[in-house]
Amino acid sequence: MGACATGVHTPYPICFQSRHFRSACETSACCRGVGGCGAGRLTASPSRRATVMLTAAFVSFICCILQLVPVISTSSDGTTIANTHWIRGEGDFVDGSGAQQGITMFVSLTAFTLKADNGTVHTVKWNDVSCNISQCDTCKDATSDTVLVASMSFLTSLGQLATDIQRSTITGDLNCQRTLGIATAVFGFLTTMMSLRIFMQDCGDEFVSDITFGDGTRIINAKYRWGVSAICLLTATLLKTFDMGCHLAIPTPRLKHEKDADRLFGLSEASLQTLLEEGGGHALDGRLPRQPQSQQHLDRGDPAPANGGQTIQGLPQFHRVSHV
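About the thresholds
- Residues numbered from 1 in each chain as written.
- Predicted model: local features only at pLDDT ≥ 70, side-chain atom pairs only at ≥ 80, totals over all residues.
- Heavy atoms only, no water.
- Helix = DSSP H or I, 4+ residues; strand = E, 2+ residues; numbered from the N terminus.
- Buried < 20%, exposed > 50% of the residue type's maximum accessible area, 1.4 Å probe, protein only.
- Contact = heavy atoms within 4.5 Å.
- Areas by Shrake-Rupley, 256 points an atom, 1.4 Å probe, with all protein chains shown as cover.
- Phe/Tyr/Trp six-rings, centres within 6.5 Å; stacked < 30°, edge-to-face > 60°.
- Salt bridge = Lys/Arg side-chain N within 4 Å of Asp/Glu carboxyl O.
- Disulfide = S-S within 2.5 Å.

1. Section: the overall build of the protein chain
- Along its length, the protein chain carries 10 helices and six strands.
- Expressed as a percentage of its 324 residues, the buried residues of the protein chain come to 44%.
- Of all intrachain contacts in the protein chain linking residues separated by at least 6 positions in sequence, the fraction that spans at least 24 positions is 70%.
- In the form shown here, the protein chain has an accessible surface area of approximately 16,300 Å², with 58% of it arising from carbon and sulfur atoms.

Set out below in structure tokens:
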């Protein structure tokens, strides 16, 4: 069977070796509650789970590629800025003698490049710009703020990709991974969209159409539109809603919603697979196995039956833990 039918088996994060971490995160009431919400009966099949989450992983991979472009655009190299710009402006350049020619402006996060029709290219870093108009200061501030947004969006996409792969199998699925997947998708979507809107407003829609430089040269009749990086970031941000939908649709296996689900982490992957698929019913419809008959007698102080009770073949006996 291919990965699309079985999912991609990945080990638990190293922090899960600590029982205290699992207690504070994975088996906490909050994560167990979030893990249990979703269309369980629609995604009970392991192959269906694998298909949905690996599709989400593919979309996340596309997002990583798209969001790498804005990160590259932080370069101050003129050619890189021209290829990965955030804003593209077109207008007319007027020199000191009054001669006029067309000019294209490529605005990025750390610098902007001016390319005249005669082939002249000039790149200026934002740190070297002395603004004498309010719109210039506003755009300059917006670029510095957006650098962090571009970097964080790329890093969160890498985590999003890892989470999608982790959740593609019922044994690897975790309550905290589902919680993290939903939270980062919602937070990333809102913050990126707001930052992108502010940047495009300050450096595009409301930026000045006539610019006068200190040496008397001017750019007139400038018109601006979205550039490569802005389009890539917007597309990747919108695609994150698909990933969020996949996480919302698929709950974690129901056995992992129990208060004493920490016991599951002591099993081998093969035993856990069998337990989640067969123990107590279907993978997403079952509960932790009920207390064996022999254990019920022992808890009451009665002698155990001769047959020792029934167990699931190949698995250790599980008994319920009484909570005070």
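That covers the picture; the talk isn't over yet.
2. Some words on the packing of aromatic side chains
- Taken as a whole, this structure holds two aromatic pairs when the rule is applied.
- Measuring from centroid to centroid gives 5.2 Å for W86 and F199, while their planes differ by 70 degrees, and the two rings are edge-to-face. Here W86 is found in the loop between α5 (78-84) and β1 (87-94), whereas its partner F199 is found in helix α7 (residues 175-205), with 113 residues between them in sequence.
- For F199, a relative accessible area of 0% puts it in the buried group.

3. Structural notes on the pattern of salt bridges
- Evaluation of the coordinates by the stated rule reveals four salt bridges.
- The partner of R88 in a salt bridge is E90, and the shortest N-O contact between them spans 3.3 Å.

4. Some points on the state of the cysteines
- The tally for this structure, following the rule as stated, stands at one disulfide.
- In this model C139 forms its disulfide with C203; the gap between the sulfur atoms is 2.1 Å. One quick way to see it: the torsion about the S-S bond of C139 and C203 is about 115 degrees, and its sign makes the bridge right-handed. Of this pair, C139 sits in helix α6 (residues 134-166) while C203 sits in helix α7, and the two are 64 residues apart along the sequence. Summarising the burial analysis for this pair, C139 and C203 share the class buried.
- Note on C30: no disulfide assigned, nearest cysteine sulfur contributed by C31 at a separation of 5.2 Å.
- A relative accessible area of 52% places C30 in the exposed class.
- C25 supplies the cysteine sulfur nearest to C31, a cysteine that is in no disulfide, at a spacing of 4.4 Å.
- A relative accessible area of 8% places C31 in the buried class.

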